[in-house]
Amino acid sequence: MRIYGKISLPGDKSIAHRSIILSVISRGKTAIYNLPGNQDCLSTIRALRKLGASISKKKYNKVIISGQGIYGLTRPKMPVFIGESGTTFRLLLGVLAGQPFKVTLAAGSSLSRRPMRRVTEPLRKMGATINSKLKKSPPGAGPPTAEKIEEFPPITISGGALKGITYKMPVASAQVKSAILLAGLFAEGKTIVIEGVPTRDHTERMLRLFGAAVNPKGHRISLTGGRELKSPGKIYIPGDISSASFFIAGALILPGSHLIIKDISLNPTRMGIIKVLKRMGADIKLTKQAKGYEPVGDLVIKSSDLKATTVEKTEIPSLIDELPILMVASCFADGETRFCGVEELRVKETDRIKSMADNLRKMRANIKVIKSGKQVCISVKGGRGLKAAQVESFGDHRTAMSMVIAGLGATGKTKVSGLSCIAKSFPGFQSVLKSIIR
Ligand code: S3P
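Note that the coordinates shown come from a computational prediction; the quantities given were computed from them, not determined experimentally.

Description of the pattern of salt bridges
Pairing is possible between side chains that carry opposite charge, provided their charged atoms lie close to one another.
Reasoning step 1: Per the stated rule, a full pass over the model turns up 26 salt bridges.
Reasoning step 2: Between Arg338 and Glu336 there is a salt bridge, with its nearest N and O atoms 3.1 Å apart.
Reasoning step 3: With relative accessibility at 31%, the residue Arg338 sits in the partly exposed group.
Reasoning step 4: With relative accessibility at 32%, the residue Glu336 sits in the partly exposed group.
Reasoning step 5: In this structure, Asp351 and Arg346 form a salt bridge, with 2.9 Å as the shortest nitrogen-oxygen distance.
Reasoning step 6: A residue is classified by how much of its surface remains accessible, and Arg346, at 32% relative accessible area, is partly exposed.
Reasoning step 7: Each of Lys13, Asp40, Arg114, Arg200, Asp321, Glu349, Arg352, Asp396, Arg398 and Lys424 takes part in a single network of salt bridges with overlapping partners.

Thoughts on the sheet that holds strand 5 (residues 80–81)
Reasoning step 1: Judged by pairing direction, the sheet is mixed, and its four strands sit side by side in the order 5-6-8-7 without closing on themselves. Whereas interior strands pair on both sides, the edge strands pair on one side only; in this sheet they are strand 5 and strand 7 (129–135).
Reasoning step 2: Two elements, strand 7 and strand 8 (residues 150–158), share seven bridges in a ladder whose sense is antiparallel. Of the residues in strand 8, the one forming a bridge with Asn131 is Thr156.

Let's talk about helix 7 (residues 241–253)
It helps to recall that an α-helix has 3.6 residues per turn; residues three or four apart then point in one direction.
Reasoning step 1: With 13 residues, helix 7 ought to run about 18 Å at 1.5 Å a step, and its terminal C-alpha atoms sit 18 Å apart, in line with that.
Reasoning step 2: For helix 7, the buried fraction is high: 13 of the 13 residues fall into the buried class.
Reasoning step 3: If you check the start of helix 7, you find a side-chain oxygen 2.8 Å away from the backbone N of Ser242, and it comes from Asp240.

Some thoughts on the site of the ligand
Reasoning step 1: The environment of the ligand is formed by Ser14, Arg18, Thr87, Arg90, Ser173, Ala174, Gln175, Arg200, Ile320, Asp321 and Lys348.
Reasoning step 2: Sorting the residues of the shell around the ligand by element identifies helix 1 (13–24), helix 3 (86–96) and helix 5 (174–184) as the ones contributing at least two each.

Analysis parameters
- Residues numbered from 1 in each chain as written.
- Predicted model: local features only at pLDDT ≥ 70, side-chain atom pairs only at ≥ 80, totals over all residues.
- Heavy atoms only, no water.
- Salt bridge = Lys/Arg side-chain N within 4 Å of Asp/Glu carboxyl O.
- Buried < 20%, exposed > 50% of the residue type's maximum accessible area, 1.4 Å probe, protein only.
- Pairing = 2+ DSSP bridges.
- Helix = DSSP H or I, 4+ residues; strand = E, 2+ residues; numbered from the N terminus.
- Expected span 1.5 Å × (residues − 1).
- Polar contact = N/O pair within 3.5 Å; in protein donor to acceptor, adjacent residues only side chain to side chain.
- Near = heavy atom within 4 Å.

Interpretation note: all reported values are geometric properties and have no functional meaning in isolation.
This is how it looks when you write it as structure tokens:
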């Protein structure tokens, strides 16, 4: 079996969320093209409609949004249900922090277990009033100090007059950075976010496209609030590199493969997967590169003999969503691959360290999870490939897609249960895969 062909993929999920949100709070009409039809982006559209946004869906992954200005949203009668989209939840909290009304955001069962204090804390500092479900540290974990209290959905937020803050990020998270910058649009004065390690910069790029006074300089992003945003008219969303990563890995590990992926987002803050795979000896070429508000290009991938590498903590944000598929690829690489500082994987849709280690161990992979203090590293001793097993998605889309690819590379017939969760980010995954398997 090999992978062969030329594909284009649905638009990048992160860029799509931002394009919808900024179109709604800008002035003018925006047509968005190549919008992915996944559940998370539909959550953003649905939630914003409940908040009074005018979004009409056209054919061929196109929507038209009539912007109402930064104060154009209206108070919903009921709590707004966000489903399972963490990006929708956290970014909308940023926007709602600036609206002069009270609203409750509710979430599905998985998102209701994901930490929100990382966003509520800076938004409170800016002046928003926020109430959430609190949970103390588990019994036996010592006295409940302030740090051990975490916040979860549902969250009620009363926005209003905000003031700019300077915020040093305690965790590398683009969602947190974005929530603060979006709130900064409504704040008096300057909002400054300082990152330890740079995270994806789609919000900064999209804010610039809408004419915001945003100024990223190294690890420091500043934004001057109190100005209206102006629609750019049209936005094309480039293909999602996170969705592409499964086919890239599949093509690398299946001998005789040759795959072209067209019009993919080549944003430098998302290129960790390509950099690391190239370091592992992958034959991946970037062609037809073009600059726009986001860089785009084609990828040409040929199957390759992979060798192990070490992925440093500072690289993790640039490939955070690709760690599950990189763990699969490293099972096929000669030597020991190490992923250092992967703690954030514990708070994704599921604990992805556990979901991937449990599954890959069933397929006879040699995986160790190494803890030292707060830091967690994963070691994969590869080179022996994988053996078929019965594995599961743990309800997580990226675990599911990674295990499908692991199954293709393994000897024997692997069964992955719980594939419906793939629709969260990439409903067309199976049909695209079928079209390139020879
Ligand atoms: C995202 C940021 C990342 C990523 C998520 C999408 C975004 O989350 O894992 O899939 O669109 O900003 P964190 O900000 O929690 O790292």
